[in-house]
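Architecture at a glance
Each chain is listed here by its residues.
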Amino acid sequence: MQEKIIILDFGSQTTQLIGRRVRELNTYCEIVPYNKFPFGDETIKGVILSGSPFSVNDADSFKPDLSEIRGKYPILGICYGAQYLAYISGGKVEKSDSREYGRAHLTQIKQGAPLFDGISEGSQVWMSHGDSITVLPESFEVVASTEDVEAAAYKIKGEETWAVQFHPEVYHTTDGTRLLSNFLNICHSKRGWSPASFIDSTVEELKSQIGDDKVILALSGGVDSSVTAVLLHRAIGKNLTCVFVNHGLLRKNEFENVLKDYEHLGLNVIGVDAKDRFYKALTGETDPERKRKIIGKGFIEVFDEEAHKLKDIKWLGQGTIYPDVIESLSITGTVIKSHHNVGGLPEKMHLKLVEPLRLLFKDEVRRVGLELGMKETLIKRQPFPGPGLGIRILGDITPEKVEIVQNADDIFIRMLRQYELYDKVWQAGAILLPIRSVGVMGDERTYESTIALRAVTSTDGMTADWAHLPYEFLAKVSNEIINKVQGVNRVVYDISSKPPATIEWE
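These remarks concern the structure in this document. (Residues numbered from 1 in each chain as written. Predicted model: local features only at pLDDT ≥ 70, side-chain atom pairs only at ≥ 80, totals over all residues. Heavy atoms only, no water.)

1. Details of the overall build of the protein
Of regular secondary structure, the protein possesses 13 helices and 18 strands. Across its three principal axes, the protein shows a C-alpha extent of roughly 75 × 65 × 40 Å. Counting all 506 residues of the protein, 57% fall into the buried class. In the protein, once contacts between residues fewer than 6 apart in sequence are set aside, the share between residues at least 24 apart is 74%. (Helix = DSSP H or I, 4+ residues; strand = E, 2+ residues; numbered from the N terminus. Buried < 20%, exposed > 50% of the residue type's maximum accessible area, 1.4 Å probe, protein only. Contact = heavy atoms within 4.5 Å.)

2. Some points on the environment of Arg191
The topology assignment puts Arg191 in the loop between α3 (176-186) and α4 (195-210). Relative accessible area serves as the criterion here: at 25%, Arg191 is assigned to the partly exposed category. A distance of 2.9 Å separates a polar atom in the side chain of Arg191 from a polar atom in the side chain of Asn185. (Polar contact = N/O pair within 3.5 Å; in protein donor to acceptor, adjacent residues only side chain to side chain.)

3. A short note on the side chain of Thr446
Among the structural elements, Thr446 can be located in strand β16 (residues 444-457). A distance of 2.9 Å separates a polar atom in the side chain of Thr446 from a polar atom in the side chain of Asn489. With sequence-adjacent residues up to four places away left out, Thr446 is seen in contact with Ser437, Val438, Gly439, Val440, Met441 and Asn489.

4. Considering the pairing of strand β3 (residues 44-49)
Where burial is concerned, most of β3 is hidden: five out of the six residues are buried. Pairing of strand β1 (residues 4-9) with β3 involves five bridges; the strand directions are parallel. Bridge pairing in β3 links Ile5 to Gly46. The sheet contact formed by β3 and strand β4 (residues 75-78) spans three bridges and is parallel. Across the sheet, residue Leu49 finds its bridge partner in β4, namely Gly77. (Pairing = 2+ DSSP bridges.)

5. Description of the pattern of salt bridges
Inspection of every chain in the model, using the stated rule, returns 27 salt bridges. A salt bridge links Asp224 to Lys362; the shortest N-O distance between them is 2.7 Å. Taken together, the residues span a long stretch of sequence, with Asp224 in helix α5 (residues 223-236) and Lys362 in helix α10 (residues 362-371) at a distance of 138 residues. Given the relative accessible area of 6%, Lys362 is considered buried. Between Glu254 and Arg381 there is a salt bridge whose closest N-O contact spans 2.5 Å. A residue pair is termed long-range when its members are at least 10 positions apart, and Glu254 in helix α6 (residues 254-261) and Arg381 in the loop between α11 (376-379) and α12 (399-418) qualify at 127 residues. (Salt bridge = Lys/Arg side-chain N within 4 Å of Asp/Glu carboxyl O.)

6. Section: the packing of α5 against α10
The interhelical angle for the contact between α5 and α10, taken along N-to-C directions, is 45 degrees, at an axis separation of 10 Å. On the basis of the axis angle, α5 is oblique to α10. In this structure, the crossing between α5 and α10 has a hand that is left-handed. Taking contact as the criterion, the partners of Val223, Asp224 and Val227 in α5 are, on α10, Lys362, Val365, Arg366, Val368 and Gly369. (Axes fitted to C-alpha atoms, helices over the stretch in contact; angles between N-to-C directions. Parallel < 35°, antiparallel > 145°, perpendicular 65-115°, else oblique. Left-handed = near helix turned anticlockwise from the far one by under 90°.)

7. Some thoughts on the side chain of Thr161
Considering the arrangement of structural elements, one finds Thr161 in strand β9 (residues 161-164). Owing to a relative accessible area of 0%, Thr161 belongs among the buried residues under this scheme. A polar atom in the side chain of Thr161 sits 2.8 Å from the side chain of Glu159. Beyond its immediate chain neighbours, meaning those up to four positions away, Thr161 contacts Ile75, Leu85, Tyr154, Lys155 and Ile156.

8. Some words on the sheet that holds strand β12 (residues 269-273)
The strand order across the open sheet formed by five strands is β12-β11-β10-β13-β14, and the pairing between neighbours is parallel. Strands with a single pairing partner mark the edges of an open sheet, and in this sheet they are β12 and β14 (352-354). Averaged over all pairs of adjacent strands, the angle between strand axes in this sheet comes to 30 degrees, irrespective of strand direction. Bridge count for strand β10 (residues 214-219) against strand β13 (residues 313-317) is four bridges, and the pairing is parallel. The residue bridging Val215 from the neighbouring strand is Trp315, located in β13.

9. Details of the environment of Lys36
Tracing the sequence through the fold places Lys36 in the loop between β2 (29-33) and β3. In this structure Lys36 comes out as exposed when scored by relative accessible area, which is 53%. Lys36 sits 255 residues away from Lys291 along the chain, and the two C-alpha atoms are 33 Å apart.

10. A short note on the packing of aromatic side chains
Summed over the entire model, instances satisfying the criterion amount to 15 aromatic pairs. Their ring planes at 40 degrees and their centres at 4.9 Å tell us that Phe140 and Tyr154 sit as a pair that is tilted. One end of the pair, Phe140, is in strand β7 (residues 140-146); the other, Tyr154, is in strand β8 (residues 153-156), and 14 residues separate them in sequence. Residue class for Phe140 comes out buried when judged on its relative accessible area of 6%. The class for Tyr154 is buried, based on a relative accessible area of 1%. Ring-pair connections join several aromatic residues into one group, and the members of that group are Phe10, Tyr34, Phe54, Phe62, Tyr80 and Tyr84. Across from the ring centre of Trp426, 5.4 Å away, lies the NZ or CZ of Arg366, which sits over that ring. Taking NZ or CZ as reference, Arg417 lies 3.8 Å from the ring centre of Tyr422, over its face. (Phe/Tyr/Trp six-rings, centres within 6.5 Å; stacked < 30°, edge-to-face > 60°. Lys NZ or Arg CZ within 6 Å of the ring centre and 35° of its normal.)

11. A look at the nonpolar core
One broad rule of soluble globular proteins: the nonpolar side chains tend to lie buried together. Counting 50 residues, the largest nonpolar core has Phe412, Leu416, Ile451, Leu469, Phe473 and Ile481 as its most contacted members. By residue number, the principal contributor to this core is α12, which donates nine residues. Val203, Ala229, Leu250 and Trp315 belong to the second largest nonpolar core, which has 38 residues in total. (Core = buried A, V, L, I, M, F, W, Y, C linked by side-chain atoms within 4.5 Å.)

12. Quick look at helix α13 (residues 471-484)
Look at α13: 20 Å from first C-alpha to last across 14 residues, which is about the 20 Å you get at 1.5 Å a residue. Turning to α13, its buried residues are Phe473, Leu474, Val477, Ser478, Glu480 and Ile481. Angular distribution of buried residues about the axis of α13 spans 165 degrees; they occupy a single face of the element. Set apart from the buried face of α13 by more than 90 degrees, the exposed residues are Tyr471, Glu472 and Asn483. Among the structural elements, α12, β16 and β18 (488-493) are those in contact with the buried residues of α13. (Expected span 1.5 Å × (residues − 1). Arc of directions from axis to C-beta.)

Next comes the structure, spelled out in structure tokens:
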């Protein structure tokens, strides 16, 4: 059985980073809500308590009962997790005179503390909290400090319970990966998780889960659904039927190109051209959430119809990955944006859902795809949203607007490849803005549309920075779009990071 680390999520924006770091250390982990610990799971080797946007002193902060966890498993509390352990044990956590945020350096590391094995005094850490532990309970001992925080790290006597008031998961904590690795040593992790082991265990699980049932899979042409298809095909072979829907919001010529890409995989793929149906359903709709839901509903209806054309379909396969799940509903209950491939299916479909990649990050999906022997050109494709250009056309959607953004996007992506910039960018695309502006073309006044170009760098889609593309390149792209895309007279470039922005505009 696959051993695992459980990460209790208290709502921190960096909880997912903890998971990624642990998996990079070849140890499988699962992130679960702070109050949903999977008692009875014999594969659990240790527990990590995440940070939180709350203070432990807030009346509405998350305060689970940890009495059945402490002492039974090694525990690592991070930031809020550290403060909460102290708080429930009788310590004092108080608002700092000044918010402790940014770089700090470790001092007075206790000799022989295994959590800090190989980490020297002066090592940089990243602080991000408004509270600080001012009084530790008697059974707690300080194992590291910083210039301003005495209890930067501590251990509870008689337990393998450790805690730090900084964030080891973020890049700016220089020895953060070493610290997490040390914690995994404390947990006696065998470090046996890898893309190869994931494939082996997932294929076996799919065989057991699905048996001789038949599956219909939503293909999008992207990495996630493609890897899902190959995994399912390896598990159930001819019992998998893939459906690729043209909702009229794909990239230029993508419907035809994607069908060709799948030929080498040996998959049974049905192409469904439903663009007129989607255009009709989206007529006049401008609200981004409504557009997403209309497109999602349309997908479900199309798959329902295709499933009924086939015999004995019992399952719907989807390429849902972990960032989709996290963004759809945060631990605090705040919807950031809905994803068409998350949240189950209407009962009328009478299909069960299978999502083999649901707990993987995008970079992990790519590694799994390469391990499966899939073509690099398919695996290295940039992410493309399920709702497609429907969320890259701000405002209402018409076939004319779709053509404009398809042509602009095609120029942008083609030139990224031409200038060998495509593989240096996580995701790129063109957005049609719902504004028109005055221009001059051929001595005539124009009043036409604006295209915004978006290109970001990232590793998993949870955070992203705008890509610093060369000015000369952007100038050439802008000139090409304005000259060749009818209806556009202005091009702008988006220089926002995520957070606070998202990668897509809607």
